[in-house]
Amino acid sequence: MKTILVTGGAGFIGSHTCLCLTEKNYQLIVVDSNINSTNKSLEKIKYMNPNSKIIFAKGDIRDLSFMRKVFNNARENKSPIEAVIHFAGLKSVGESIANPLMYWDSNVCGSINLLKIMCEFKCHTIIFSSSATIYGNTKTNPITENEPINPTNPYGFTKAAIETILKGIFGSSESSWRIANLRYFNPIGAHKSGLIGEDPLGEPNNIFPILCKVVQGKHKELRIFGNDWPTFDGTGVRDYIHVMDLAEAHISSLEFLIENKPQYLELNIGTGIGTSVLELVKTFESVNKCKIPYVFCNRRIGDVANAVADNKKIISLLNWVPKRNIKDMCKDGWKWQSLNPKGFN
Ligand code: NAD
Ligand code: UDP
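Model, not experiment: these values are computed from the prediction. (Residues numbered from 1 in each chain as written. Chains lettered and ligands numbered in written order. Predicted model: local features only at pLDDT ≥ 70, side-chain atom pairs only at ≥ 80, totals over all residues. Heavy atoms only, no water.)

1. As for the sheet that holds strand β5 (residues 125-131)
Pairing within the open sheet is parallel, and its 7 strands lie in the order β3-β2-β1-β4-β5-β6-β11. The open sheet has two edge strands, β3 (53-58) and β11 (264-269), and neither has a second partner. Each strand axis lies, on average, 20 degrees off the axis of its neighbour in the sheet, ignoring direction. As paired elements, strand β2 (residues 27-32) and β3 share 6 bridges and run parallel to each other. Residue pairing across strands places Val-30 opposite Phe-56, the latter belonging to β3. (Pairing = 2+ DSSP bridges. Helix = DSSP H or I, 4+ residues; strand = E, 2+ residues; numbered from the N terminus. Axes fitted to C-alpha atoms, helices over the stretch in contact; angles between N-to-C directions.)

Structure (structure tokens):
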């Protein structure tokens, strides 16, 4: 049984991925500071899969001695960490503009720290949570992995910087490293049980949790940022991907890296299908039989009109295809929100 370290595993995407990993019989060590999560998500995973083996270590990836202890304990317990799935980090574009240093420190310094310890323990396999935001304003859509990296905000710059560091590490020696940068498009939805889902602490910025708050009556209306974009209905188009498809992409990537020669991968993870804000609203309303009041507002600074993944590379390379559509995302995401209006609390 292989031991995988999952940083940020108590969070939204991390918890769904942990569930999939336990179903594949991996033994997990989850490191999370809980700055944006609660480890109740991990308790739910144990409830959903009573055979799961998860050790939770609360701490910050920037704490070198803590991270050394995590790797050392695993080695002493005869289950050394074979690979790392690295979710830990801060992810709000707006917060990163307001407080860029906090983002560089948490995301970049945190990743450097993690990589130092991985080197120390000769653990050379890592899957990194990158983001489509690193592409910025692209000339073409769908976006391939060859598109220039051109972030427009500090959050995007931190993700691009971590990718650059990983590329440098891979290129530094006759590499023994196995690295996958997974560039997520727009993850939404939840596990179909409604037992785990997205539970952002503080005010969410992303459309799906905001939309759920409107339906719950916590916000009066959805503010749609712009109806004058150069898209078919004037609202922003994104490639929404079900969080379970995304979680499964991590399993496929991990298996691919472990089974193949050392290599460096950059992979878009999306469905390849664009959905406008208005289409998302209409689908949510029809699937969940509700009404979403909305108003059109000015464009949000830093937004792009259209961001859709060209996902041919991941589909041709890995044993993975997205299986769930936008209706499933709206149904499952709302099931979690409606069953757990206060999140994990
Ligand atoms: P999340 O906030 O739910 O999860 C991140 C987890 O990392 C949280 O549990 C948080 O407590 C933990 N964490 C943060 N800083 C830490 C640190 N220094 N040390 C230890 N733990 C720390 O976010 P998520 O949506 O699950 O995103 C996971 C990863 O995917 C992030 O790196 C994010 O940037 C990236 N990503 C997310 C999206 C998205 O829309 N959700 C899109 C693209 C990329
Ligand atoms: N959006 C919106 N109202 C909101 C939040 C988002 O109209 O309250 C729009 C946003 O302009 C974009 C889409 O929804 O077109 C997705 O935004 P999100 O922040 O979820 O993802 P990102 O912009 O980072 O891709």
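2. Things to note about the pairing of β5
Buried residues dominate β5, accounting for 7 of its 7 residues. Here β5 shows a buried face lined by Thr-125, Ile-127, Ser-129 and Ser-131 and a second buried face lined by Ile-126, Phe-128 and Ser-130. Direction of pairing for strand β4 (residues 81-86) relative to β5: parallel, over a ladder of 3 bridges. Bridge pairing in β5 places His-86 opposite Phe-128. Examined bridge by bridge, β5 and strand β6 (residues 178-184) share 7 bridges and lie parallel to one another. Among the inter-strand pairings, Ser-131 is bridged to a residue of β6, identified as Tyr-184. (Buried < 20%, exposed > 50% of the residue type's maximum accessible area, 1.4 Å probe, protein only.)

3. Remarks on the site of ligand 1
Taken together, 28 residues are adjacent to ligand 1, and Asp-32, Ser-37, Phe-87, Lys-91 and Tyr-155 come closest. In the model, an oxygen atom of ligand 1 is placed 3.1 Å from a nitrogen or oxygen of the Ile-35 main chain. In the model, an oxygen atom of ligand 1 is placed 2.7 Å from a nitrogen or oxygen of the Ser-37 side chain. Partitioned by chemical class, the residues of the shell around ligand 1 number 11 nonpolar, 12 polar and 5 charged. (Near = heavy atom within 4 Å. Polar contact = N/O pair within 3.5 Å; in protein donor to acceptor, adjacent residues only side chain to side chain. Nonpolar A, V, L, I, M, F, W, Y, C, P; charged D, E, K, R; others polar.)

4. A short note on the sheet that holds strand β14 (residues 306-307)
The 3 strands are arranged β12-β9-β14 in an open sheet whose pairing can be described as mixed. Because the sheet does not close on itself, it has two edges, and the strands there are β12 (275-276) and β14. When strand β9 (residues 237-238) meets β14, the two strands line up parallel, connected through 2 bridges. Residue pairing across strands places Arg-238 opposite Ala-307, the latter belonging to β14.

5. Structural notes on the pairing of strand β1 (residues 3-7)
Taken across its 5 residues, β1 has 5 buried, putting it largely inside the fold. The side-chain alternation of β1 yields two buried faces, one formed by Thr-3, Leu-5 and Thr-7 and the other by Ile-4 and Val-6. Pairing between β1 and β2: 5 bridges, direction parallel. Its bridge partner being in β2, Thr-7 is matched across the sheet by Val-31. Traced from β1 through helix α1 (residues 12-23) to β2, the parallel crossover comes out right-handed. When β1 meets β4, the two strands line up parallel, connected through 5 bridges. Each residue of the ladder has a partner; that of Val-6, found in β4, is Ile-85. (Right-handed = clockwise from strand over helix to strand, strands pointing away.)

Read these as geometric descriptors, not functional statements.
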